[in-house]
Amino acid sequence: MITVDACFKKFTKTQKRVVSMIGHKNVDTPRIPSGFYELDCAMGGGLPTGRVSVVYGPEGSLKTTVCLKWIAAAQKIYPDKTAVFVDVEGHYDEEWARKMGVDTEKMGYILPNDAEHCIDTVNELLYADDLSIIIVDSLAAMTTQGELTQSAENVPMGKTGLA
């Protein structure tokens, strides 16, 4: 049996612990409500479980807040399972998470070093039996190890220098 704690030990140094398509047939799948009535109605009852959902929009459009509400709801629906917040941007605010109803003592928190570390950790967590939800905030902020280690002196203007 794979657990969230085992994944944390493997990929982290510390133990600190969406959008549906209109016109498509709704599949009867369990959902996690966001707590925002209109959004949940538009999504057919909330975030579908066992699926990958992407929440996107302009900066400051409450994407992280909605995701924190999903974590809080998942913690209530699945009290014996762990919710995980992967903070790619490095802007996680524990106080705000608590205000959104998240039990931060029971939530897993990961601050990945680079995109590869993030993907490897999330991939391993997907096999955990005691996982309720994973939030990756945000895909747009991911930077690969190659981009972090390359020298800016050798890269022509407008090129990444990566193959």
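A quick note: this is a predicted structure, and the numbers were derived from the prediction, not measured.

Chemist: So what's going on with the packing of aromatic side chains? Which residues, and what values?
Modeler: For the structure on display, the rule yields two aromatic pairs. Ring centres 5.2 Å apart and planes at 40° place the aromatic pair Phe85 and Tyr92 in the tilted group. We classify Phe85 as buried; its relative accessible area is 1%. Both rings, one in Tyr92 and one in Tyr109, keep their centres 4.8 Å apart while their planes meet at 35°; by these two values the pair is tilted. Here Tyr92, found in the loop between strand S3 (82-87) and helix H4 (94-99), pairs with Tyr109, found in strand S4 (residues 107-110); they are 17 residues apart in sequence, far enough to count as distant. Classification of Tyr109 by relative accessible area gives buried; the value is 19%. Sitting above the plane of the Tyr78 ring, Lys81 keeps its charged end 5.6 Å from the centroid.

Chemist: Report on the sheet that holds S4, specifying residues and quantitative values.
Modeler: Strand order in the open sheet formed by three strands is S4-S3-S5, with parallel pairing between adjacent strands. Across the chains shown, the open sheet's two edge strands, defined by having one partner strand only, are S4 and strand S5 (131-137). Sheet twist, expressed as the mean angle between neighbouring strand axes with direction ignored, is 15°. The pairing of S3 with S4 spans four bridges and is parallel. Residue pairing for S4: Val86 is matched across the bridge by Ile110. Each of S3, S4 and S5 touches helix H3 (residues 63-77); the most contacted strand, S5, lies at about 170° to it. This element, helix H5 (residues 115-125), spans S3, S4 and S5 of the sheet and lies at about 165° to S5.

Chemist: Got a sec to walk through unusual backbone geometry? Specific residues and values, please.
Modeler: Unlike most non-glycine residues, Leu62 shows phi in positive territory, near 70°. Position of Leu62 relative to the elements: it lies in the loop between strand S2 (47-48) and H3.

Chemist: Explain the pattern of salt bridges to me, using residue names and the numbers behind them.
Modeler: Within the structure shown, the criterion is met by two salt bridges. With its nearest N and O atoms 3.2 Å apart, the salt bridge here joins Arg98 to Glu94. On the criterion of helical spacing, the pair formed by Arg98 and Glu94 is a turn pair, its members being four residues apart in helix H4. Note on Arg98: relative accessible area 47%, which makes it partly exposed.

Chemist: Mind laying out H3, listing which residues take part and the relevant values?
Modeler: Helix length check: H3, at 15 residues, gives a terminal C-alpha distance of 21 Å against a target of 21 Å (1.5 Å per residue), a fit within 8%. For H3, the complete set of buried residues consists of Thr65, Val66, Cys67, Leu68, Trp70, Ile71, Ala72, Ala73, Ala74 and Gln75.

Conventions adopted
Position numbers for residues start from 1 in each chain and track the written sequence from start to end. This being a predicted model, a pLDDT of at least 70 is required before a residue's local features are given, and a value of 80 or more before pairs of side-chain atoms are given or counted; all residues contribute to the totals for chains, interfaces and linings. Only heavy atoms go into the side-chain values, all of them from the structure, while hydrogens and water stay out. Aromatic pairing here means that ring centres of Phe, Tyr or Trp (its six-membered ring) are within 6.5 Å. Orientation follows from the plane angle: under 30 degrees is stacked, over 60 is edge-to-face, and everything else is tilted. Buried residues are those whose accessible area, probed at 1.4 Å on protein chains only, stays under 20% of the maximum for their type, while exposed residues exceed 50% and partly exposed ones sit between those limits. In this description a helix means any DSSP run of H or I spanning at least four residues, a strand means any run of E spanning at least two, and both kinds are numbered starting from the N terminus. In this scheme, Lys NZ or Arg CZ marks a charge over a ring once it lies within 6 Å of the ring centre and within 35 degrees of the ring normal. Any two strands with at least two DSSP-identified bridges between them are counted as paired. Axis lines are fitted through C-alpha atoms, for helices just across the contact stretch, and the angle between N-to-C directions can take any value from 0 to 180 degrees. In this description, contact between two residues means that some pair of their heavy atoms is separated by no more than 4.5 Å. The salt bridge definition used is simple: a Lys or Arg side-chain nitrogen within 4 Å of an Asp or Glu carboxyl oxygen. Given a helix with a known number of residues, its expected span is that number minus one, times 1.5 Å.

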